[in-house]
Amino acid sequence: MAQSTTAEAERELLPAEGKLIDKFFKSILYVILAIIAVVQILPLVWLVLFSLKDNQEVFNLPPFALPQSPNWDNYLRVWTDGNIGLYFFNSIIVTGASVILTILLASLVTFAITRMQWKLNKFVLALFMIGLMIPVHSTLIPLFSFYLNIGLMNTHAAIILTYTAFNMPLTIMILLGFYYTIPRELEEAAIVDGCSIHRMFFQIILPLTAPVVATTAIINMIYNWNEFVFVNTFISSDSLKTLTVGIQNFIGQYATDWGAIGATLVISVLPLIIAFVFLSNRIVEGITAGSVKG
C-alpha cells in the first residue's frame, strides 16, 4: 500500500517539475530576446541623441550622453534650408510607385505560373529565378547607356523601372510558396459562378495574399528607400534626388554639419519604422504562410 502511494506521489510531482523546467527555459529565452531587442534599439537611441547635438558636442561628449541643450533647430534647418522636404517627397514617390508596380506585376506572374497550365510556365519561372543570381550593380553601365538612348536619364521613371525589375525575382520567390497553398476549389467555385479570370485574381486571389504581400512590401520598401548607387548615377537634377543622395549636401570639403546629417537620418528612418509597426503582424503571417502546403 505504501509503495503504491509513493508511486502516485512521484507521478504527481513529474508534471510540476516539467512546468518548472519549461518556465526556466522560457525565462532564459525572454532574457535573450530582451538583450537582442536592446542591442537593436540602442543604435536608434544613439542616432536621436546624435541628431540633437552640434559639432562640438558630437566630438566632445560620450556617444550616449544627453546634449547640453537639445538642438531641435537641426530638424527645421534640414527640412527647409537643406531641401530635405523635397528629397523626402521624391523618396516617397519613387519607393511607393516601385513597391506597387513590383507587387502587382509579381502577383500576376506568380498567379500565371502557379494557377494556370501552359507549356512555358516552368521556363518563365526559371528566367525570373536567374535574376536572383545577377549582381545588381553589374548592370549599371548597360542601364545607363540604355536610359540615355531612350531619353529616360534624369527621370524618376528610370529609378522606378530599375527597382521594379530587380525586386521582381525575390518577390516572386516569396509569393510562390503562398500561392501553392491556395485551394483549387476556390477557383473552381468562382468559375462555376461565372467569374472571369481577371475578376477572380483581383477580388479573390489577391485579397487572400495580403499577409505575404505585406512581407514583400516591407522588404521592397527597405531596399528602395535606402538605395543609393542607381539614384546617384541616373539622377543629376537636385530637384529629383532622393534622401539617400540629398544627404550629401551636408558634407562639405572643409566642414561637415554632423547634427544636420543625424537629423536627416532620423527623418529617413521614421517611415520604415512606421511601416514596420503597422505591418508587423502581417509580416509574421506572411513569413509562415507558405511554409506548409495546404
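The name an unreviewed UniProt entry assigns to the protein chain is ABC transporter permease protein yurM, from the organism Salisediminibacterium beveridgei. As recorded by UniProt, the Subcellular location (unreviewed entry) comment attached to the protein chain reads in full: "Cell membrane". Quoted verbatim from the Sequence similarities (unreviewed entry) heading of the UniProt record, the comment on the protein chain is "Belongs to the binding-protein-dependent transport system permease family."

Relative to each other, helix H4 (residues 84-115) and helix H10 (residues 210-226) sit at 140°, their axes nearing to 9 Å. In this view, H4 runs oblique relative to H10, as classed from their interaxial angle. At the point where H4 passes H10, the crossing takes the right-handed sense. Here H4 contributes Phe88, Ser91, Ile92, Thr95, Ser98, Val99, Thr102 and Ile103 to the contact with H10, which in turn contributes Val213, Thr216, Ala217, Asn220, Met221, Asn224 and Trp225. Class assignment for the residues of the contact of H4 with H10 results in eight nonpolar, seven polar and no charged.

Feature annotation in UniProt places "transmembrane region" (unreviewed entry) on residues 28-52, 84-111, 123-148, 160-180, 201-223 and 258-279, given in this structure's numbering. Along residues 201-223, the helical share is 96% and the strand share 0%, with 27 Å between the first and last C-alpha atoms. The distance separating the terminal C-alpha atoms of residues 258-279 is 32 Å; by composition the span is 100% helix and 0% strand.

Core analysis: the biggest nonpolar cluster contains 24 residues, and Tyr75, Val78, Ile84, Met221, Leu243, Phe250 and Ile267 have the highest contact counts within it. If you list the elements that add at least two residues to this core, you get helix H3 (73-80), H4, H10 and helix H13 (258-289). At seven residues, H13 tops the list of elements feeding residues into this core. Beyond its immediate sequence surroundings of up to four residues, Phe250 is in contact with Val78, Gly82, Ile84, Thr256, Asp257, Ala260, Ile261 and Thr264. Met129, Phe178, Met200 and Val212 belong to the second-largest nonpolar core, a separate cluster that totals 20 residues.

Tracing the backbone shows Asn224 in helix H10. Note on Asn224: relative accessible area 3%, which makes it buried.

Among the secondary structure elements, Asn167 is positioned in helix H7 (residues 156-179). For Asn167, a relative accessible area of 8% translates into the label buried. Not counting residues within four places of it along the chain, the set of residues in contact with Asn167 comprises Thr102, Asn220, Tyr223 and Asn224.

Attention now moves to helix H6 (residues 140-150). Among the residues making up H6, those that are buried are Leu140, Leu143 and Tyr147. Looking down the long axis of H6, one finds its buried residues gathered within 65° of arc, a one-sided arrangement. Seen from the buried face of H6, the exposed residues on the opposite side, beyond 90 degrees, are Ile141, Pro142, Leu148 and Asn149. Once H6 ends, the next one or two residues include Gly151, with phi positive near 80°.

Let's shift gears to the pattern of salt bridges. Applying the stated criterion across every chain yields a total of two salt bridges. When salt bridges that share partners are traced, they join Arg115, Arg184 and Glu187 into one network.

Time to look at a nonpolar patch on the surface. Together, Trp118, Leu120, Phe123, Leu127, Ile130, Leu132, Met133, Ile134, Leu170, Met173 and Ile219 give the surface a local cluster of nonpolar side chains, amounting to about 1000 Å² of exposed area. Taken together, the elements giving at least two residues each to the nonpolar patch come down to helix H5 (121-130) and H7. With three residues, H5 is the largest single contributor of residues to the nonpolar patch. Looking at where Met173 falls in the secondary structure, it is placed in helix H7.

Rules behind the numbers
- Residues numbered from 1 in each chain as written.
- Predicted model: local features only at pLDDT ≥ 70, side-chain atom pairs only at ≥ 80, totals over all residues.
- Heavy atoms only, no water.
- UniProt positions renumbered as here; feature names shortened; annotations may be inferred.
- Axes fitted to C-alpha atoms, helices over the stretch in contact; angles between N-to-C directions.
- Helix = DSSP H or I, 4+ residues; strand = E, 2+ residues; numbered from the N terminus.
- Parallel < 35°, antiparallel > 145°, perpendicular 65-115°, else oblique.
- Left-handed = near helix turned anticlockwise from the far one by under 90°.
- Contact = heavy atoms within 4.5 Å.
- Nonpolar A, V, L, I, M, F, W, Y, C, P; charged D, E, K, R; others polar.
- Core = buried A, V, L, I, M, F, W, Y, C linked by side-chain atoms within 4.5 Å.
- Buried < 20%, exposed > 50% of the residue type's maximum accessible area, 1.4 Å probe, protein only.
- Arc of directions from axis to C-beta.
- Salt bridge = Lys/Arg side-chain N within 4 Å of Asp/Glu carboxyl O.
- Patch = residues over 30% accessible without salt bridge, like charges linked within 9 Å, V, L, I, M, F, W, Y side chains within 5 Å.
- Areas by Shrake-Rupley, 256 points an atom, 1.4 Å probe, with all protein chains shown as cover.

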